[in-house]
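Take a look at the letters that make up each chain.
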Amino acid sequence: MAFIEAKKREFMKFTLFFIALAFFLVNITNPTFAQIDDEVVILHTTSGKLVIEFFPVDAPNHVANFINLTQNGFYDRTIFHRVIEGFMIQAGDPLTKPGAYETVTQWGTGDPGYKINAEFNDIKHNRGIVSMARSADPDSAGSQFFIVHNASNFLDGQYTVFGRLITQESYETLDKIANLTTAANDIPFDWGKGEILRAEAVNRSEIPDLLDLGEPERGTKSPTQTFNEEYSSDKFGFSVKFPTGWSVQEPEKTHPNTPDVAAVGPNTGGFNPKISISIKESDSRTLEKHIEETKIALKPVIDSGQMSILSEEMTIIDGKKAYQMISAGNFTTNSGFFIVKFEEVILEANNQFFAITYANSEQNFDNDLKHFDDTLNTFTILSDNPNSSKGGGCLIATAAFGSELAPQVQQLRETRDNILLKTESGKSFLTQFNQMYYSFSPTLSDWERQNPIFKETVRIVITPLLTSLSILNYVDIDSETEMVGYGISLIVLNIGMYFVAPAYVFHKLRK
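Quick look at the structure, then.

Thoughts on the overall build of the protein chain
- Scanning the protein chain from N- to C-terminus turns up eleven helices and 20 strands.
- Burial analysis of the protein chain (511 residues in total) assigns 41% to the buried set.
- Summarising the internal contacts of the protein chain: among those between residues at least 6 apart in sequence, 62% fall at separations of at least 24.
- Surface accessibility of the protein chain: about 27300 Å² in total, with carbon and sulfur atoms responsible for 56%.

Notes on the sheet that holds strand E8 (residues 161-165)
- Judged by pairing direction, the sheet is antiparallel, and its nine strands sit side by side in the order E3-E9-E1-E2-E8-E6-E7-E5-E4 without closing on themselves. This sheet does not close on itself; its edge strands, each paired only once, are strand E3 (78-79) and strand E4 (82-84).
- Contacts between helix H3 (residues 168-178) and the sheet are confined to strand E1 (39-45), strand E2 (48-54), E4, strand E5 (88-91), strand E7 (145-148) and E8, with E2 contributing the most and set at about 120° to the helix.

What to know about the side chain of Gln-352
- Locating Gln-352 in the fold gives a position in strand E19 (residues 352-361).
- Here Gln-352 falls in the buried class, since its relative accessible area comes to 16%.
- In this structure, Gln-352 is in contact with Phe-236, Ile-279, Lys-280, Glu-281, Ser-282 and Leu-347, ignoring residues within four places of it in sequence.

Examining the sheet that holds strand E12 (residues 238-241)
- Overall, antiparallel pairing links the three strands, which are arranged E11-E12-E20 in an open sheet. Strand pairing shows two members of the sheet lacking a second neighbour, strand E11 (230-233) and strand E20 (380-381), which therefore form its edges.
- Of the pairings in the sheet, the one linking E11 to E12 comprises four bridges and is antiparallel in character. Across the sheet, residue Glu-230 finds its bridge partner in E12, namely Lys-241.
- With respect to the sheet, helix H5 (residues 369-378) is in contact with E12 and E20, its orientation differing from that of E12 by roughly 145°.

Observations concerning the nonpolar core
- In terms of nonpolar packing, the biggest core is built from 31 residues, with Leu-43, Phe-80, Phe-145, Ile-147 and Phe-162 touching the most fellow members.
- By size, the runner-up hydrophobic cluster in this structure holds 25 residues, among which are Phe-236, Ala-263, Ile-317 and Ile-381.

Considering helix H11 (residues 480-510)
- Under the 1.5 Å per step criterion, the end-to-end length of H11 is 44 Å for 31 residues, consistent within 8% with the ideal 45 Å.
- Maximum bend of H11: about 40°, positioned at Gly-496.
- Every buried residue of H11 is accounted for by Met-483, Leu-490 and Asn-494.

Overview of the environment of Asp-186
- The topology assignment puts Asp-186 in the loop between H3 and strand E9 (195-203).
- In the structure, Asp-186 is positioned 103 residues away from Val-83 in sequence and 5.4 Å away in space, judged by C-alpha atoms.
- Beyond its immediate sequence surroundings of up to four residues, Asp-186 is in contact with His-81, Arg-82, Val-83 and Ile-84.

So, the pairing of strand E15 (residues 274-281)
- Relative to E15, strand E14 (residues 261-264) runs antiparallel, the two being bridged by four bridges. Looking across to E15, one finds that Ala-263 is bridged to Ile-275.
- The sheet contact formed by E15 and E19 spans eight bridges and is antiparallel. Its bridge partner lying in E19, Glu-281 is registered against Gln-352.

Thresholds applied
- Residues numbered from 1 in each chain as written.
- Predicted model: local features only at pLDDT ≥ 70, side-chain atom pairs only at ≥ 80, totals over all residues.
- Heavy atoms only, no water.
- Helix = DSSP H or I, 4+ residues; strand = E, 2+ residues; numbered from the N terminus.
- Buried < 20%, exposed > 50% of the residue type's maximum accessible area, 1.4 Å probe, protein only.
- Contact = heavy atoms within 4.5 Å.
- Areas by Shrake-Rupley, 256 points an atom, 1.4 Å probe, with all protein chains shown as cover.
- Pairing = 2+ DSSP bridges.
- Axes fitted to C-alpha atoms, helices over the stretch in contact; angles between N-to-C directions.
- Core = buried A, V, L, I, M, F, W, Y, C linked by side-chain atoms within 4.5 Å.
- Expected span 1.5 Å × (residues − 1).
- Bend = angle between axes of the 7 residues up to and from the residue.

Right, dumping it as structure tokens:
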């Protein structure tokens, strides 16, 4: 009893410590957020005032960055250089200041000299919302921002919302600037009416005509998920290693041609290099037929002179028939006019076409071509999973993804393909094992994605299993008898590790 009472006292001390710690943290952090909550920014433009309040809980770094730039006069004399009626107005480029540019074609390419990481949140891009502009790289925001003219919810979860307009005059000013007549490059002809003469940060109490807007509308859309450079997906059926430092994402499938996985490199010369992977079902078509259909789809663009095929050939990659094409196209972006070069490789496997595409500006294409070659060399198509329609994926691969076990899982797949599937007994075992395994693994895999602690537990539990199966990579199996012998040995070994040894330890502890 004395031992139990001592444990209770120890537990109470432990609990009180964390309550005190939580109280301490709350009292430290709350004043900081309270100070930002009370601060608003007024953009004094030639068309009227734009008063902005902030969402520091959702985007603390963006809010702090915007206020800091304001207080340092960064936005003074800048222009709303991009205006699209019914969509948004964009400003914040220091190159739009008087004397900072040679031609207006430079507008939209400036920044404060640094980048800040994305803070995607679930606030909807409704009228009056202030959000951060960026390039294709999610972590490329700096100083440029845009104010939504009419609801543009297709942007939700892909750009960092950090504020909104909070006075009636602000919305009237927004309408005046958004309705300015623009040239083909979205720059207003009368851009002087979209100039920010001065920006200042003031206390909310100094604004007499605040609107009662309540909480911003939020959606259920989750932020864009990013991944490690070493990417593996049972859902898509491949693994690959992208260039170090590139941002890897699974973009939302808003269009049939949206890639399934994309890696975006650092901006060089106003352009972000990209490597993307798209998957299409073959629907009983041959690779040659798919290539023919692709060329037909590209024909109008090629005939118009916007795109040209520089070279193409059939080749063999990783033992599979493949098509390789290099092309170039003319594109206009926020940063100016570019000739973009592409290299695309299309592989056929598992009744699917895998298109791996590299895109970069013409002047930097060769500089990053080695990154694409390295990525292509690491691209591995995983074996077809007959039970993939059940969803959820493989819990072993999910638990190992991004950890030190990922190479062992890939080695396990190779063992399955190169050893087990070479014998009848191995095929029979895998068939029965798959029926049992995929009856529960999709559910557990979903739990892993939702609970990092559960995923870590699975990783720890499967470590002995993966270690024991790696033995097969160091033995020669030339007959059915040897396959059965090694198989039974591994089963007995795992029974010993997972059942006999724990039972023995538990028995000793009870004694």
